[in-house]
Amino acid sequence: MVQAALYRDGVRVSAPAGLSETYRELREEPAGMAWIGLARPTEAELLSLAAEFDLHPLAVEDAMEAHQRPKLERYGDTLFVVLRAARYLDAPEEVDFGELHVFVGPDFVITVRHGAAPDLSAVRRRMEDSPELLRLGPEAVLYAVVDGYAPVVSGVQNDVDEIETEVFRGDPEVSRRIYELSREMVEFQRATRPLVGMLHGLMAGFAKYETDEELQRYLRDVADHVTHISERVDGFRQALTEILTVNATLVTQQQNAEMRALAQAGFEQNEEVKKISSWAAILFAPTLVGTIYGMNFSRMPELHWEFGYPFAIVLMALVCTGLYIVFKRRDWL
């Protein structure tokens, strides 16, 4: 057990140290309401609560294990609600999901938390700061628990705005962040979408179970909030899909630009290689002729020919000129 408290007319009158003490004080205070908070309770604790408050065995069985779908069941005078709670973590900029099971009876509220979310201590403080709301009875606690998704929506909205900025900056990590946030929105959608039907089902029983008129107003208000939040989450999913498409387009454009730049660089490099190769071939011709005639052999043709030197010079010039014309016509020079 995390915390237990006894309330009368919306004001805390005691904080029992254990379940047995809570039972005793509640019996001694007929007009009181007990709020018992548990986190990952033992089977013995749940069976003790079931025996004291006549909880239905099927609801107790569900509360013993997490991974239940959001739902609302009524067993006689007791409501059993399963919620997928959420909270926004500022440091890692992510949504943390938990599971909350709530038993709401005529004079008691039992919350069974699986996971860190939600922060029920904050919910309890909020309710204790509003005794006029807590005075409306156990179902008012259900209102406060359900009406806790707004901060998550605000945090996600900031994330979406940041992602849009990062996409147009070309941040290479933005694709991973879009994917992670999209997965969180799928979980958020699974948490909030069933609440709309659950709350409308609860509202349909107002007349039958003679729900206080003021409490009806609060529950209608939270139903409106949940509908709005569900629509916002749908909008976030659509926006992230569009952002992912835009990001993919921008990445493709950037890759194409890089490919064009590489192709242009390759083309320019190829042109330079052509020029270098052309001049190397032109210079190689006179070098070859000069090398041949520069060999120190005593018996070589044309060594003692009167026109040998001019002939070699003219030959070099003709070969170089011919190669230059050929390369120029092929646009190598």
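Data block above holds the structure.
Remember, predicted model here, so these are calculated numbers, not experimental data. (Residues numbered from 1 in each chain as written. Predicted model: local features only at pLDDT ≥ 70, side-chain atom pairs only at ≥ 80, totals over all residues. Heavy atoms only, no water.)

A.B. asks: Looking at this model, I keep getting lost on the overall build of the protein chain. Mind explaining?
C.D. replies: Along the protein chain, the regular secondary structure elements total ten helices and seven strands. Taking 2.2 N^0.38 as the reference for a compact globule, 333 residues should give roughly 20 Å; the C-alpha atoms of the protein chain span a radius of gyration of 41 Å, well beyond that estimate. Along the three orthogonal principal directions, the C-alpha set of the protein chain runs to about 140 × 35 × 35 Å. Buried positions account for 40% of the 333 residues belonging to the protein chain. Of the contacts formed within the protein chain by residues at least 6 apart in sequence, a portion of 63% connects residues at least 24 apart. Per element, the accessible surface of the protein chain, about 18900 Å² overall, is 54% carbon and sulfur. If you average the places of the 33 positive and of the 52 negative side-chain charges in the protein chain, the two averages end up 7 Å apart. (Helix = DSSP H or I, 4+ residues; strand = E, 2+ residues; numbered from the N terminus. Rg over C-alpha atoms; globule rule 2.2 N^0.38 Å. Buried < 20%, exposed > 50% of the residue type's maximum accessible area, 1.4 Å probe, protein only. Contact = heavy atoms within 4.5 Å. Areas by Shrake-Rupley, 256 points an atom, 1.4 Å probe, with all protein chains shown as cover. Lys, Arg positive; Asp, Glu negative; His and termini not counted. Charge placed at Lys NZ, Arg CZ, Asp CG, Glu CD.)

A.B. asks: Where do I start with the packing of helix H9 (residues 213-293) against helix H10 (residues 308-329) in this structure?
C.D. replies: The axes of two packed helices give the description: the angle between them and the distance between them. At a minimum axis separation of 9 Å, H9 and H10 run at an interaxial angle of 165°. It follows from the interaxial angle that H9 and H10 lie roughly antiparallel. The hand of the H9/H10 crossing is right-handed. Listed contacts from H10 to Ser278, Trp279, Ala281, Ile282, Ala285, Pro286, Val289 and Gly290 of H9 are Ala312, Leu315, Met316, Val319, Cys320, Leu323, Tyr324 and Phe327. Taken together, the residues that form the contact of H9 with H10 break down as 14 nonpolar, two polar and no charged. (Axes fitted to C-alpha atoms, helices over the stretch in contact; angles between N-to-C directions. Parallel < 35°, antiparallel > 145°, perpendicular 65-115°, else oblique. Left-handed = near helix turned anticlockwise from the far one by under 90°. Nonpolar A, V, L, I, M, F, W, Y, C, P; charged D, E, K, R; others polar.)

A.B. asks: Please clarify how a nonpolar patch on the surface should be interpreted in this entry.
C.D. replies: Side chains of Phe284, Leu288, Ile292, Tyr293, Met295, Trp305, Phe307, Phe311, Leu315 and Val319 sit close together on the surface and give an oily, nonpolar patch of about 900 Å² of accessible area. Counting residues per element, the ones that place at least two in the nonpolar patch are H9 and H10. If one sorts the elements of the nonpolar patch by residue count, H9 sits on top with four residues. Along the polypeptide, Phe311 turns up in helix H10. In this structure Phe311 comes out as partly exposed when scored by relative accessible area, which is 40%. (Patch = residues over 30% accessible without salt bridge, like charges linked within 9 Å, V, L, I, M, F, W, Y side chains within 5 Å. Salt bridge = Lys/Arg side-chain N within 4 Å of Asp/Glu carboxyl O.)

A.B. asks: What's the story with the packing of aromatic side chains in this structure? I'm lost.
C.D. replies: Two aromatic rings are characterised by how far apart their centres lie and by the angle between their planes. Tallying each qualifying case throughout the model produces eight aromatic pairs. Measuring from ring centre to ring centre gives 6.4 Å for Tyr7 and Trp35, while their planes differ by 45°; the resulting arrangement is tilted. Taken as a pair, Tyr7 in strand S1 (residues 3-8) and Trp35 in strand S3 (residues 33-39) lie far apart in primary sequence, 28 residues in all. Judged by its relative accessible area of 2%, Tyr7 is buried. Judged by relative accessible area, Trp35 falls into the buried class, the value being 1%. (Phe/Tyr/Trp six-rings, centres within 6.5 Å; stacked < 30°, edge-to-face > 60°.)

A.B. asks: What am I meant to see in the nonpolar core here?
C.D. replies: In this structure, Met127 and Phe188 are the most contacted members of the largest nonpolar core, which totals 54 residues. If we skip the residues at most four places from it in the chain, Phe188 touches Ala86, Phe97, Tyr149, Val152, Val153, Ile229 and Val233. By size, the runner-up hydrophobic cluster in this structure holds 22 residues, among which are Leu6, Ala50, Leu55 and Val60. (Core = buried A, V, L, I, M, F, W, Y, C linked by side-chain atoms within 4.5 Å.)

A.B. asks: Where do I start with unusual backbone geometry in this structure?
C.D. replies: A negative phi angle characterises most non-glycine residues, just as the trans form characterises most peptide bonds. Even without being a glycine, Asp54 presents a positive backbone phi close to 55°. Among the secondary structure elements, Asp54 is positioned in the loop between helix H2 (43-53) and helix H3 (57-64). We note that Glu93 has phi near 55°; this positive angle belongs to a residue other than glycine. Relative to the elements of secondary structure, Glu93 occurs in the loop between strand S5 (78-89) and strand S6 (94-104). Overall, Glu93 belongs to the partly exposed group, its relative accessible area being 31%.

A.B. asks: Help me understand the sheet that holds S1 in this model?
C.D. replies: The strands making up a sheet associate through hydrogen bonds between their backbones, and the pairing can be parallel or antiparallel. With mixed pairing, the seven strands of this open sheet are ordered in space as S2-S1-S3-S7-S6-S5-S4. Both outer strands of the open sheet, strand S2 (11-14) and strand S4 (71-75), are each paired with one neighbouring strand and no more. Along the sheet, successive strands turn relative to each other by an average axial angle of 25°, direction set aside. Bridging between S5 and S6 involves eleven bridges; their strand directions are antiparallel. Of the residues in S6, the one forming a bridge with Val82 is His101. Across the face of the sheet, H3 comes into contact with S4, S5, S6 and strand S7 (108-114) while running at roughly 155° to S6. Contacts from helix H7 (residues 150-169) reach S5 and S6 within the one sheet, and its direction differs from that of S5 by about 30°. (Pairing = 2+ DSSP bridges.)

A.B. asks: Can you help me understand helix H4 (residues 120-128) in this one?
C.D. replies: Each full turn of the α-helix corresponds to 3.6 residues, which orients residues three or four apart in the same direction. Burial in H4 covers these residues: Leu120, Val123, Arg124 and Met127. The buried residues of H4 all sit within an arc of 100° when viewed along its axis, so they share a single face. (Arc of directions from axis to C-beta.)

A.B. asks: Looking at this structure, how should I read the pattern of salt bridges?
C.D. replies: As a working rule, side chains carrying opposite charge can pair if their charged atoms are close by. Applying the stated criterion across every chain yields a total of 17 salt bridges. Among the ionic pairs, Asp96 bridges to Arg87, the shortest N-O distance being 3.0 Å. For Glu93, the salt bridge identified is with Arg177, shortest N-O distance 2.8 Å. Taken together, the residues span a long stretch of sequence, with Glu93 in the loop between S5 and S6 and Arg177 in helix H8 (residues 174-204) at a distance of 84 residues. If you follow the salt bridges from partner to partner, you end up with Glu93, Asp159, Glu162, Glu166 and Arg177 in one network.

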